[in-house]
Structure formats: C-alpha cells, structure tokens
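Take a look at the letters that make up each chain.
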Amino acid sequence: MAGTSNKMWGGLFGESPDAIMEEINVSIDVDRALYAQDIAASKAHAAMLATQGIITAKDAKQIAGGLDTILSEITKGKFTFKRALEDIHMNVESRLGELIGPASGRLHTARSRNDQVATDFRLFVRDTLDALDESFAAFQQALVERALEHAGTVMPGFTHLQTAQPVTFGHHLMAYVEMAARDRGRFADARKRLNESPLGAAALAGTSFPIDRHATAKSLGFDRPMANSLDAVSDRDFVLETLSAASIAAVHLSRFAEEIVIWTSPLVGLVRLSDKFTTGSSIMPQKRNPDAAELVRAKTGRVIGALTGLLIVMKGLPLAYQKDMQEDKQGAMEAFSALSLAIRAMTGMVRDLVPDETRMHAAAGEGYATATDLADWLVRTLKMPFRDAHHVTGKIVGIATRQGVPLHEVPLKDMQAVEPKITAAALAVLSVESSVKSRVSYGGTAPKNVLAQAKAWLKRLEKERK
C-alpha cells in the first residue's frame, strides 16, 4: 500500500499509514464480533434512506441483498476480514462494493462511523443483556428447585465465618435467588436506559439530509432516537452501566463460589461435588479440587477490571467522539463472556452439589449455635430484658464450654445456679430443629417459610417464561 491512500477515508491523504499506526488503529480483530448488528443497522438505514427519497428503491434493494449475502458469508465462515480495512464497518462496505458496485457507496449517506459503532455496540450490549438475563433466570430456577428439596435440611449459619445460628440449606440457597433477582433488575434498568438509537447522529452534529431517525430506531427495536447528536456518538454510559451491573453480579457468584470451596474442603465437609465440576492433582491421587468454583471466583476480577479500565478510558474525554473509545469493546466483550461462563458453571454446580446432611446437622449444633434461642426463651418466658438474658446465657455457655458438652446437655441444676427461674422447658428450644422452626418471621429460616418462598419463586419464574 506504500504511496497509496486509504480508499475509505484517504482523499486528503497521499500516503498510507506507518505500519505501527496501522497496527494501533486497527480494530477488526475485536469489532468483527459486531457483524450481525452492523448489518442489521445498515439495512435499517438503507430502507429509511429509500423511504425518505434520499436514495432510490432500486439502490436500497441492491444494498439489502448485498448485506444479506455478506451476513451469510460471515455466518458460514466464508468472509475474509481484512485488517487493512480497519474495522467491521469498512470490511462490510468494501465487500458490499465488490458485490453490487457503485450503489454500495450510497449506503453511507447521512451517517458516520461514529454513529455506526455507537449503534452497533448498543445492539450488541442489548443482546448480551438479554442473554445474561436468561442465564440468571436459569440459575434462579436451579437454586429454587434445590431449596425446595432442602427446605428443612439444617446447616450452620455463619457470621464472621463463625457458627452463628442454625439455618436450613434451602434458606441459604434462597439468599442467592434474591441476589440474582437484584442482578436481573439492574440488567433490566441498564437495558431500559440503553435502548435509544444513536443512528443518524452522524459524525457529531446530525445531518442536513431529511432522514427519519424515529423510523430507524423503531426498526432496530429501540424505544426512541437519542435526543442530542453529540451525546449520541460520545456516550458509553450504556457499557459502563452494564459492566457495573455485571461486576456486582460477578461478586455475588464469587461469594457463592467461595462458599463452595470452603464447604467442599474435607476439613469442613458440608457438600460434595462430582467429577463433573472437580479436577484431580497430577501428583496427589487423593485430591478432588473444586476448580470450577475457583475459576468462577477468579473470573470476577476480569469483569471488575473491564469496568475499571473503561472508566479510566472515558474519564478525560471531551465531547464528542474520540478514538480512545475504540478501547470500549475488547474488555467489555471479554467481561461479558467471562460472566456468561461463570453463571453457567455456577448453575451446573448448584444442580450437581450434594449436601452431607448428617455433617450439616452436626455442624449446626456446634459452637453453641442455639445460645440465642436460650436468650430468647428467657425474654419470652421470664420477661427478662434481653441484655440481662444475653448475660445469663453467656454464663451458661461458659459452663457448657468447661464441661465440654453441647448447650442442651448442660444439667438443669447448673443452669438454675445461674438463673433459678429456668425450667426444663428451656431445654426444648435448644435443639437445632426447634431453633430453625421457631424463625417464622418474614424472611426467616423456618422450613415453612422457605417452602412458601421457593414455591412463590417457581411461579414467578414460570410466569416470566410465558
């Protein structure tokens, strides 16, 4: 190409770019993923240009046919992407010229690569949001089904990673259903704000051609065109907001993955994973490593990193479009792919894991987990102020510790030495079963609560699918 200009933009330029300039400028290796969105937007634009009398119906038909051919070629792997043509827009337009001749040059009337890429990437992120929502719905479905199965399976609840109070395994799983619901809500909010069309904003100032931006917006499934042409080509909030929601969702997955790593350790032994989601060691034949959970945990860094990276790219950019924005795609696309893989892996692990119910039950009673139940009994039955009940219970826990027995095995006479009004009825509340059954407040761990919440979620998820 030495000594020749770039035919797409080089009327002013008599020489081709330096090799390094070409390398740093090229984006086709990344934005080729936008091919379907780019072609869809071009078809909508061409149809609108014909309707408005800006190009002929004949040219519009040729353009649409050529674009369909290109879409087919790319889908079948028969399209040759050329790095010398920089990006997906130029690759498509160049091939269109080869297919239909001069009519292809009319497609770019009343638009710019600036509004093209903004439109394409919005469509791509919108498709990503829809796919992520479906994946998180499947995750919720798996959680709810396992929660129904284990609504009454007792396990330890933790604060500070110390045994706190007994809960049920179903209740623990339902916590992640609620987290996923908030994640889906954030994705829906991001999608709603995203769903405005930049197409027709052209380079930055709009166009003098009598285009119909409402028509192209409607054709592409947008709610409306963006109201300001400067904002339309320079905004990347839609990527940032989606990455922000994705980062929070990834953190939720990572927290659950961390629990699975802890629970599957032989030292803890609350759950088991099958060969489907574990790996072995090259040197230690006894090892069963929860690698799927560990990798989900690690993927979170990729998602958060993409958000941080794009925030840094955007923080100093004046209006309108800047070439810096070319860096908006690779990190985001990798992050969306990582999150998609992580959620599918977590869904698989939820369906695969097998709780050790005997170990869970035993662990639920360790660490004097029902101490709060004794304090509550003192308040409820003896009308003792809670702070006094807390103090009395603490002394009784001290006795149990010195005797090396569970709380419910402390002799009644020893309890009465601390508080004479304690009766044998107090011992009845100290089993882990009694503890979880008593937590009947809304959102509590009582098995009947868990069953009701899980059944309600099943109905909600079923309704969403219709």
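Refer to the structure printed above.
Residues numbered from 1 in each chain as written. Predicted model: local features only at pLDDT ≥ 70, side-chain atom pairs only at ≥ 80, totals over all residues. Heavy atoms only, no water.

1. Observations concerning the nonpolar core
The criterion, for reference: In plain words, nonpolar cores are sets of buried Ala, Val, Leu, Ile, Met, Phe, Trp, Tyr and Cys residues tied together by side-chain atoms within 4.5 Å. Exposed residues in this analysis have more than 50% of their type's maximum accessible area, buried residues have under 20%, and partly exposed residues fall in between, with area computed by a 1.4 Å probe over protein chains only. Helical segments are the DSSP runs of H or I of at least four residues, strand segments are the runs of E of at least two, and each set is numbered from the N terminus. Whether two residues are in contact is decided by their heavy atoms: any pair within 4.5 Å suffices.
Judged by nonpolar contacts, the single largest core of 72 residues is most densely connected at Phe 139, Phe 256 and Met 349. Looking at this core, the elements with two or more residues in it are α6 (113-149), α7 (169-194), α10 (237-264), α11 (291-314), α12 (330-352), α13 (357-365) and α18 (447-465). Counting residues per element, this core draws most heavily on α10, at 14 residues. Filtering out sequence-adjacent residues up to four positions away, Met 349 remains in contact with Ile 260, Leu 273, Phe 277, Ala 292, Ala 293 and Val 296. Listed in part, the 22 residues of the second largest apolar core include Ala 60, Ile 63, Phe 79 and Leu 107.

2. Section: empty space enclosed by the protein
Let me state the cut-off plainly: Put plainly, a pocket is an open set of points on a 1 Å grid over the protein atoms alone with protein on both sides within 12 Å along at least five of seven lines, a cavity is a set where a 1.4 Å probe fits but cannot get out, and a lining residue has an atom within 4 Å of a point. Grid points are joined across faces, edges and corners, and a volume is the space filled by probe spheres set on the points. Here the nonpolar group is Ala, Val, Leu, Ile, Met, Phe, Trp, Tyr, Cys and Pro; Asp, Glu, Lys and Arg are the charged ones; every other residue, Gly included, is treated as polar.
Applying the stated criterion across every chain yields a total of 2 cavities of 30 Å³ or more. In this structure, the second largest cavity occupies an estimated 40 Å³ of space. Lining the second largest cavity we find Phe 139, Tyr 176, Met 179, Ala 180, Asp 183, His 252, Leu 253 and Phe 256. When contributions to the lining of the second largest cavity are tallied by element, the ones reaching two or more residues are α7 and α10. If you tally residues by element for the lining of the second largest cavity, the top one is α7, at 4 residues. The residue inventory of the lining of the second largest cavity, partitioned by class, reads 6 nonpolar, 1 polar and 1 charged.

3. Comments concerning the packing of α10 against α11
Let me state the cut-off plainly: Axis definition: a line fit to C-alpha positions, over the contact stretch in the case of helices; interaxial angles, taken between N-to-C directions, run 0 to 180 degrees. The cut-offs work like this: below 35 degrees is roughly parallel, past 145 is roughly antiparallel, 65 to 115 is roughly perpendicular, and the gaps in between are oblique. Throughout, a crossing is termed right-handed when the near helix is turned clockwise from the far one, and left-handed when it is turned anticlockwise from it by less than a right angle.
Two elements in contact, α10 and α11, have axes whose closest approach is 8 Å; the angle formed by their N-to-C orientations is 160°. Judged by the angle between their axes, α10 and α11 are roughly antiparallel. In this structure, α10 crosses over α11, and the sense of that crossing is left-handed.

4. Brief notes about the packing of aromatic side chains
What counts, and what does not: We call Phe, Tyr and Trp rings a pair once their centres come within 6.5 Å, taking the six-membered ring for Trp, and we label the pair stacked below 30 degrees between planes, edge-to-face above 60, and tilted otherwise.
This model, assessed by the stated rule, comprises 7 aromatic pairs. With centroids separated by 6.4 Å and ring planes inclined at 85°, the aromatic side chains of Phe 136 and Phe 139 adopt a geometry described as edge-to-face. Taken together, the residues span about one helical turn, with Phe 136 and Phe 139 both in helix α6 at a distance of 3 residues. Judged by relative accessible area, which is 1%, Phe 136 ranks as buried.

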